[in-house]
Amino acid sequence: MNSILIFCLRALGLLLIQQLLLNHMPIGNGLCFAFILPLALYTLPFDTERTQLILCGFVLGLITDAFESSYGLYTLSFSILAYAIGLLRNRFYGREESESKQNGILDNGVVKNLPFLFTCNFIVLLAFYLIENFSASGIGYAVLRALLSSILSTLFMASFQFLFPSKRMNNR
């Protein structure tokens with residue numbers, strides 16, 4: 001229960017930063033943007049069930065859709081991301097390590113997490129841009145935007161991890 005409360009507070013803070021600051025920073029004439037909201041899902045503990053992860057992603061996407069008036073675009077993207085996190089954390093960190101840990105993905109350090117963060121960011125942003133375009137002619141442009149936004153978002157998330165390290169990282 002404590003991890004869900006922390007998730008809600010963290011998600012609210014990241015949502016405010018995203019909505020009030022990052023969404024108003026045009027980068028590359030709108031070609032890419034920094035997307036830090038998935039950081040809330042990445043900080044959930046390893047032992048979070050996949051259904052809980054998907055539910056958290058769904059609720060986070062629903063709240064973001066309410067702010068953005070995007071009619072389910074973020075809800076679907078975050079649900080896909082939450083499912084991908086459930087699958088990829090075992091592949092990136094090993095089944096034994098991810099099942100035995102109580103801490104979140106980002107508690108392992110920045111450098112170790114960069115491939116995982118980039119992969120998950122690319123998945124959510126590719127889903128986001130493909131749903132947003134919803135045409136076969138814009139697939140290449142959607143992939144380019146997802147790639148550039150993934151790089152930018154991963155750099156922002158890594159800088160957030162340096163600026164605000166978790167308490168577990170400080171105790172090591």
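Right above here is the structure, for reference.
Procedures and definitions
- Residue numbers run consecutively from 1 along every chain, following the written order of its sequence.
- In keeping with the predicted nature of the model, local features appear solely for residues at pLDDT of at least 70, side-chain atom pairs appear and are counted solely at 80 or more, and the whole-chain, interface and lining totals rest on all residues.
- Heavy atoms from the whole structure form the basis of all side-chain values; hydrogens and water molecules are not counted.
- Helical segments are the DSSP runs of H or I of at least four residues, strand segments are the runs of E of at least two, and each set is numbered from the N terminus.
- A 1.4 Å probe rolled over the protein chains alone gives each residue an accessible area, and that area as a share of the maximum for its type sets the label: buried under 20%, exposed over 50%, partly exposed in between.
- When checking whether two residues touch, look at their non-hydrogen atoms; a contact exists if any pair is within 4.5 Å.
- Take a side-chain nitrogen of Lys or Arg and a carboxyl oxygen of Asp or Glu: if they are within 4 Å of each other, that pair is a salt bridge.
- Buriedness of a pocket was judged along seven lines, with at least five required to meet protein on both sides within 12 Å; pockets are open sets of points on a 1 Å grid over the protein atoms alone, cavities are sets where a 1.4 Å probe fits but cannot get out, and lining residues have an atom within 4 Å of a point.
- Grid points are joined across faces, edges and corners, and a volume is the space filled by probe spheres set on the points.
- Gly is placed with the polar residues, together with every amino acid not listed as nonpolar (Ala, Val, Leu, Ile, Met, Phe, Trp, Tyr, Cys and Pro) or charged (Asp, Glu, Lys and Arg).

## Section: the environment of Gly57
Along the polypeptide, Gly57 turns up in helix α3 (residues 50-68). What makes Gly57 buried here is its relative accessible area of 0%. The contact partners of Gly57, leaving out residues within four places of it in the chain, are Leu41, Phe78, Ser79 and Ala82.

## A short note on the pattern of salt bridges
Under the defined criterion, the tally for this structure stands at one salt bridge. Notably, a salt bridge pairs Glu132 with Arg145, separated by 3.5 Å at the nearest N-O pair. Here Glu132, found in helix α6 (residues 110-133), pairs with Arg145, found in helix α7 (residues 139-163); they are 13 residues apart in sequence, far enough to count as distant. When its relative accessible area of 39% is taken as the criterion, Glu132 is described as partly exposed. On the accessibility criterion, Arg145 (13% relative accessible area) is buried.

## Notes on the layout of surface pockets
Considering only enclosed or pocket space, the second largest pocket measures out at about 250 Å³ in volume. Along its surface, the second largest pocket is lined by 16 residues, and Asn23, Phe33, Tyr74, Phe128 and Arg145 are the ones closest to its centre. Contributing elements (two or more residues each) for the lining of the second largest pocket: α4 (73-93) and α6. The element best represented in the lining of the second largest pocket is α6, accounting for three residues. The residue inventory of the lining of the second largest pocket, partitioned by class, reads 10 nonpolar, three polar and three charged.

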